[in-house]
Amino acid sequence: MFALLFCLVGLAGAGEPSSAHNSLDNTIDLIMPGARPEVDDSYLCSAFEVTEMTGIQDSLYVTGFIPKADASRAHHMLLYACSEPLQEPGTVYDCMHHSLCKGASSIMFAWAKNAPPTTLPKDVGFMINPIQKKYLVLQVHYAHPLPDSDNTGLSLTYQTTPARYQAGILLLGSGAVSIPGNTEVTHADGNCKLPAQVPLHLFAFRTHAHALGSVISGYAYNEEKNEYREIAKGNPQWPQAFYPMQAVQTVKPGETVTVRCTYNSTGRDRETHIGSTAGDEMCNLYIMFFTEPGKSGDFLACWGEQAGQFITRGLPADSDVAPPKNKVWEDKAKDSSVNTGISEINYSQLFAEELEKGGSNKKGGVEENTLMVADLNFTMPGATPSGDDEYLCTSVKVKDLDPKNKLWIVKFSAIVSGNRAHHMILSKCEHPPKMEGEIYDCRHHQMCLDQSKILFAWAKHADPTEVPVDVGFSLDKEDSLVLQVHYSKPLSDPDYSGLTLRFTSTEPKYTAGIFLLGRSNLNIPADTETTHGDANCKVEAKNPLHIFAYRAHAHSYGSVISGYMYNEAQRTWSLVAKGNPRWPQAFYPVKEQIINPGEVLAARCSYNTTGHHQNVKIGSTGDDEMCNLYLMFYSLSKTDDFKLCFDEQNPRLSRMLPDGNDVPLPPNPALEEVALGRDGKSLPGSDFSVVPNWPSTATATSLGQISGVTIDIYGNAIIFHRGDRTWNGNTFNYDNTYAMERDLPIAFDTVVTVNSTGHTINSWGKDLFFLPHMITVDSENNIWMTDVALHQIFKFAPYGGDHKPLLTLGTRFQPGSDDSHYCKPTAVAVSKDAKTFFVSDGYCNSRIIKYSITVTGDGKHAVNKITEWGKGAGPFSITKGPYNFNVPHGLALAEDRAELCVADRENGRVQCFNTESGEFTRSIQPPEFGSRIFSVAYANGKLHAVSGPDFSPFGQKPMGYIINMETGKLDGTWQVTDGLQNPHDVAVSSDGGTIYVVELSPFKVWKLMNGQPSAAAPTPVTPFSTPNLAPAGSPQLPSFMTGASKLMPDVSYSVIVAAALSVPLTILIMCCLAIRKCRKRGKGTMMETNKQKAWGLGDILGRSKDGFQPVNTEERDGLVGDDSDSEVEEFSVPALHA
């Protein structure tokens, strides 16, 4: 339901040892009996019989480990449980060149680099059963000879009472890597399916490498969701203790566990291998877990890439980014006398709550006096409203978020998908009616059993709200946060709407609060232009209230909500806030208004029911109305954090309100579109919403002009981009041959695989392509792409393989129309059995070609052409018949319908054909389509099409369309934030729930989702550093506040006149350009196969209702330059995004 991440100074969760259990009286001392290593890298062992040392015949349970060692003498130490050692107890023997035990053995503990003692969680213990493993064997690695006998050792604390949970070790590692000299980053990877039949609850980890290790990371991978979650990350140069995880991580059978060891060999000239000496390297990630007794082995191992290299390729981009440097810990690893302030790692204190709940979900925890900023995703845990106007609530206890520190909220961001949530309210109280995490009805029942205080409210796709610096909403330990979501309609699938809350543990100077004015009852007559609902009261507060933001809330008929301050002594009114409730119901900034105690605050809600023939009342349903004005303030008082003012304390004041109080604000179409979800969050008939902050900044800035996108079999997006290249009027000669340098392919990786969180997991394609076009992935994860400069089609192995194509079709740099040539081919579609594929041979030949393909055992490809169809449509054709194409640009296979659908770009339609015969089946061109359809994708009975920019200034803006393939009619549309500008390709996941769309300019790739957001769908929950504190005085408004006013521009008469004059001027310019283009370039015709095609005015103004067709062969809209034969030319070379 929620996840909390912290930025910590120091080691998270360290504390004093607990005396609640595991008395130190029950100990076993395992000491090397005078070991004397005589050579480098000696591995010496000694055995200990448990029963003889303890006098206990039954099982005992180890609960803690106390090292008695120093890194200056012992490189590392391992403790094994053993059925029979190689030699008798009391002796020291070589266990590097000889085995450690004669029988079965398992690792119980590991130590290195002056790591501190470790105490296990309460009720967790390593069981030692004398019948199965009656011996303990201590192995010590001595890196160098010692001048005297050594008594390095380890003391164990134990109990005889059976532990409630069985502890175990999961060892992940890799033994196959060569680390070249002077190389900053080298990886060693290992992965496997969880080697257990029951869930394992992971609570601690230890990394182990030698001198070159920089970071070791561990992840759990869920293939069904194609998601990685981090379970461990550590610096092996720190003391190699078992460090606590931020939360207990439960890994289930079927999930994959993976490790990545990263090495930096800078300064070492030789190659290094995995090995047993100190001069070699190691890659070990030890993970401590617990589970129910007898359900799993106590030592599990995972070595090498057992689950496959695709797991490794999908690892998050930051898997090799080391934790921040910590000089104290690095010094401690070398010198045991260094004081770190951490005397013991005590899991008993850290994870008591998990153990009480069976090890499910740790909320988090930080040390006292730790500086912290954290985000919490507080969402509905899968709500499924079954009726209209349901109000559902859920709660979380503040003390479960952090049991030690007091918290303040400093930012609110909505996590929503489409138009699922009508509005949300966040409150705090001490006694919610239901247990934490439960969903309950809070329309007919109370949100809280005691007084609740509203902290935040959201509706109509409002933007995030950040309070000023040094201001925060205070939370007490006894508080619970309660999230209320109003669902106006039933939902067919679980909903996870909610809020991302940003916390700080640093006490701000000012306490934030909400002053809510509203109307509890009002009858609003039908067909009435203006009806008022009023509220006013005196402000009762200890200190002045500094109002810095407001939010207006009404339903369909609210036209304006105004707020005023009245000073009785001076008899003056001051406007505090005025808002249009039909705009996004965000907290909008206001110039700070200071309200003194005793002054009056008043609100007026105005309604317009013109055209509505039934009376309306104030109520809780979507068909009723509301009257709420939320004023967000701060003050020096720690208790004045919520004020309520409903109805009229003084009706006389309502009659005295200043003139203009009910005059609506000027129209703002942009904000009204946002409120309706038309900024990319949703459009009528579609619940698709843009996933914010996807892709990551690092990925986004690495992309050039993006021409293609597809989805691999694991759900990752694969992007095909042009690096530092663009397609303009100088790119091709008159005969369609490539006019640029033919010995200079793009010197950057042009194929980028991006995972669900937006991070690059694979890239390739450097020095292979000249002008990428589109890309697709077949059912075997092979990658097919087209290059219009090369006039070729390529098939590569998954992730590029060895970067040599498995198949190449077409003749390099030679355009043509026979069976061995293409002319600027655009796209490929491959059947699910990978035995058939189709090519759209696109810009010049206007044809579709069907091929069969077989692959022999040695990888050789046999390709046979089966058929082809299509011809150019021509610019003056009044009727566009079947098979006539004007740039067949994108392909989509609907195999369940035996149809291949083609984006007939300049004809503004989609043509579909039978996949067997190539016979025309239908043309799809709803009236809502734009004049140019650039690409199509099919999934789950729906065809997704994306339109490009219209040449006419009056044309429709680019948009995404959803077509029902059963009826051929439009089911819905989708859009992105600020609107698509130059979309070029679209891809849809097999379940139809995820859309990727790419643009040529700006260089953008968008991800949209329908329904429950993924882990990367909400605003990323990441640690943040401490905010900068404002200087003494009033708090500083964040940049969001100062920028929000720009959403409400003034409209002047001069702007209207200029817009009107621009229309004939634009047409005049276009006509001049048409004449200029013909005269300058001598371009009266364009090539269409081997025939001539006439060129006319339709090329510039776009498709007319009479059937004029543009013969644009390029991919951008706009005006042309002197030497360009495209409709768009870049006027400056774009900066390389690398």
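Calculation rules
- Residues numbered from 1 in each chain as written.
- Predicted model: local features only at pLDDT ≥ 70, side-chain atom pairs only at ≥ 80, totals over all residues.
- Heavy atoms only, no water.
- Helix = DSSP H or I, 4+ residues; strand = E, 2+ residues; numbered from the N terminus.
- Buried < 20%, exposed > 50% of the residue type's maximum accessible area, 1.4 Å probe, protein only.
- Contact = heavy atoms within 4.5 Å.
- Areas by Shrake-Rupley, 256 points an atom, 1.4 Å probe, with all protein chains shown as cover.
- Core = buried A, V, L, I, M, F, W, Y, C linked by side-chain atoms within 4.5 Å.
- Salt bridge = Lys/Arg side-chain N within 4 Å of Asp/Glu carboxyl O.
- Pairing = 2+ DSSP bridges.
- Axes fitted to C-alpha atoms, helices over the stretch in contact; angles between N-to-C directions.
- Disulfide = S-S within 2.5 Å.
- Polar contact = N/O pair within 3.5 Å; in protein donor to acceptor, adjacent residues only side chain to side chain.
- Phe/Tyr/Trp six-rings, centres within 6.5 Å; stacked < 30°, edge-to-face > 60°.
- Lys NZ or Arg CZ within 6 Å of the ring centre and 35° of its normal.

A. Geometry of the overall build of the chain. When helices and strands are counted, the chain shows twelve helices and 72 strands. Counting only residues that meet the buried cut, the chain has 57% of its 1138 residues in that class. In the chain, 74% of the contacts between residues at least 6 apart in sequence involve partners at least 24 apart. Entry remark: accessible area of the chain is about 45300 Å², with carbon and sulfur atoms responsible for 51%.

B. Quick look at the nonpolar core. Among the nonpolar cores identified, the biggest contains 89 residues, and Phe 65 and Met 288 are the most heavily contacted of them. Leave out the neighbours within four places in its chain, and Phe 65 touches Leu 79, Met 108, Phe 109, Pro 117, Thr 118, Leu 120, Phe 126, Leu 154, Ser 155, Leu 156 and Met 288. Within the second largest apolar cluster, 44 residues are counted, among which are Ala 383, Val 398, Phe 412 and Tyr 630.

C. Inspection of unusual backbone geometry at higher detail. That bond from Trp 694 to Pro 695 is cis: its omega, 0°, falls within 30 degrees of zero. Within the secondary structure, Pro 695 sits in the loop between β45 (688-690) and α9 (697-700). A cis geometry characterises the amide bond from Ser 1001 onward to Pro 1002, with omega recorded as 0°. With respect to the helices and strands, the residue Pro 1002 is situated in the loop between β69 (994-999) and β70 (1004-1010). Of note in this structure, Asn 182 is not a glycine but carries a positive phi near 50°. A positive phi is found at Asp 389, a non-glycine position, where the angle reads about 55°. Examined against the element boundaries, Asp 389 turns out to sit in the loop between β24 (373-379) and β25 (390-397).

D. Local environment of the pattern of salt bridges. All told, the structure shown has 30 salt bridges when counted by the stated rule. As a salt-bridge pair, Lys 453 and Asp 641 come within 3.0 Å of each other at their nearest N and O atoms. With a gap of 188 residues between them, Lys 453 in strand β29 (residues 453-459) and Asp 641 in the loop between β43 (628-635) and β44 (642-646) connect regions that are remote in the sequence. On the accessibility criterion, Lys 453 (27% relative accessible area) is partly exposed. Classification of Asp 641 by relative accessible area gives buried; the value is 6%. With a shortest N-O distance of 2.5 Å, Arg 905 and Glu 906 are connected by a salt bridge. Under the relative-accessibility criterion, Glu 906 is labelled buried at 0%.

E. Spatial organisation of the environment of Val 902. Structurally, the position occupied by Val 902 is in strand β61 (residues 899-904). Along the primary structure Val 902 and Ser 935 are separated by 33 residues, whereas in three dimensions their C-alpha atoms are 8.0 Å apart. For Val 902, the contacting residues outside a window of four places in its chain are Ile 848, Phe 885, Pro 888, Gly 890, Leu 891, Arg 909, Val 910, Gln 911 and Phe 913.

F. Inspection of the sheet that holds strand β64 (residues 933-939) at higher detail. One open sheet holds the four strands; their spatial order is β64-β65-β66-β67, and the pairing between them is antiparallel. Across the chains shown, the open sheet's two edge strands, defined by having one partner strand only, are β64 and β67 (970-974). Each strand of the sheet is rotated relative to its neighbour by a mean of 20°, with strand direction disregarded.

G. Broad picture of the pairing of β69. In terms of burial, β69 is largely enclosed, as six of its six residues are buried. Burial along β69 is two-sided: the face carrying Thr 994, Tyr 996 and Val 998 and the face carrying Ile 995, Val 997 and Glu 999 are both buried. Of the strand pairs in this sheet, β69 and β70 are connected by six bridges, and their pairing is antiparallel. Across the sheet, Val 998 pairs through a bridge with Val 1005, a residue of β70. The hairpin turn running from β69 into β70, its antiparallel successor, is four residues long.

H. Inspection of the state of the cysteines at higher detail. This structure, assessed with the given rule, holds ten disulfides. Between the sulfur atoms of Cys 823 and its disulfide mate Cys 844 the distance is 2.1 Å. The sign of the S-S torsion, about -55°, decides the handedness of the disulfide formed by Cys 823 and Cys 844: left-handed. Taken as a pair, Cys 823 in the loop between β53 (807-809) and β54 (825-830) and Cys 844 in the loop between β55 (836-841) and β56 (847-855) lie far apart in primary sequence, 21 residues in all. On the basis of relative accessible area, Cys 823 is assigned to the buried category, the value being 4%.

I. Spatial organisation of the sheet that holds strand β50 (residues 772-777). The strand order across the open sheet formed by four strands is β50-β51-β52-β53, and the pairing between neighbours is antiparallel. Each having just a single partner strand, β50 and β53 make up the two edges of the open sheet. Taking each pair of neighbouring strands and ignoring which way they run, the sheet shows an average axis angle of 15°. Examined bridge by bridge, strand β51 (residues 783-787) and strand β52 (residues 792-796) share five bridges and lie antiparallel to one another. Its bridge partner being in β52, Met 785 is matched across the sheet by Phe 794.

J. How the structure looks around the environment of Asp 463. Relative to the helices and strands, Asp 463 resides in the loop between β29 and β30 (465-466). Distance from Asp 463 to Phe 412, taken between C-alpha atoms, is 9.1 Å for residues 51 residues apart in sequence.

K. Structural view of the side chain of Asp 534. On the secondary structure map, Asp 534 appears in strand β36 (residues 531-538). Separated by 2.7 Å, the side chains of Asp 534 and Arg 604 make a polar contact. If sequence neighbours within four positions are ignored, Asp 534 has contacts with Arg 519, Ala 603, Arg 604, Asp 647, Glu 648, Ser 654 and Leu 657.

L. Spatial organisation of the packing of aromatic side chains. A full pass over the atoms with the stated rule returns 38 aromatic pairs. Ring geometry for Tyr 564 versus Trp 573: centroids 6.2 Å apart, planes at 90°, classification edge-to-face. Considering the side-chain rings of Trp 727 and Tyr 843, the 5.1 Å spacing of their centres and the 65° angle between planes classify their relative orientation as edge-to-face. Remark: Tyr 843 occurs in the loop between β55 and β56 and Trp 727 occurs in the loop between β47 (717-721) and β48 (751-754); sequence separation between them is 116 residues. Three or more aromatic residues joined by ring pairs make a cluster, and in this case those are Trp 727, Phe 732, Tyr 738, Phe 770, Phe 813 and Tyr 843. Residue placement shows Lys 406 over the ring face of Trp 408; its charged tip is 5.2 Å from the ring centre. Over the aromatic face of Trp 1006 sits the side chain of Lys 1004, whose NZ or CZ is 4.3 Å from the ring centroid.

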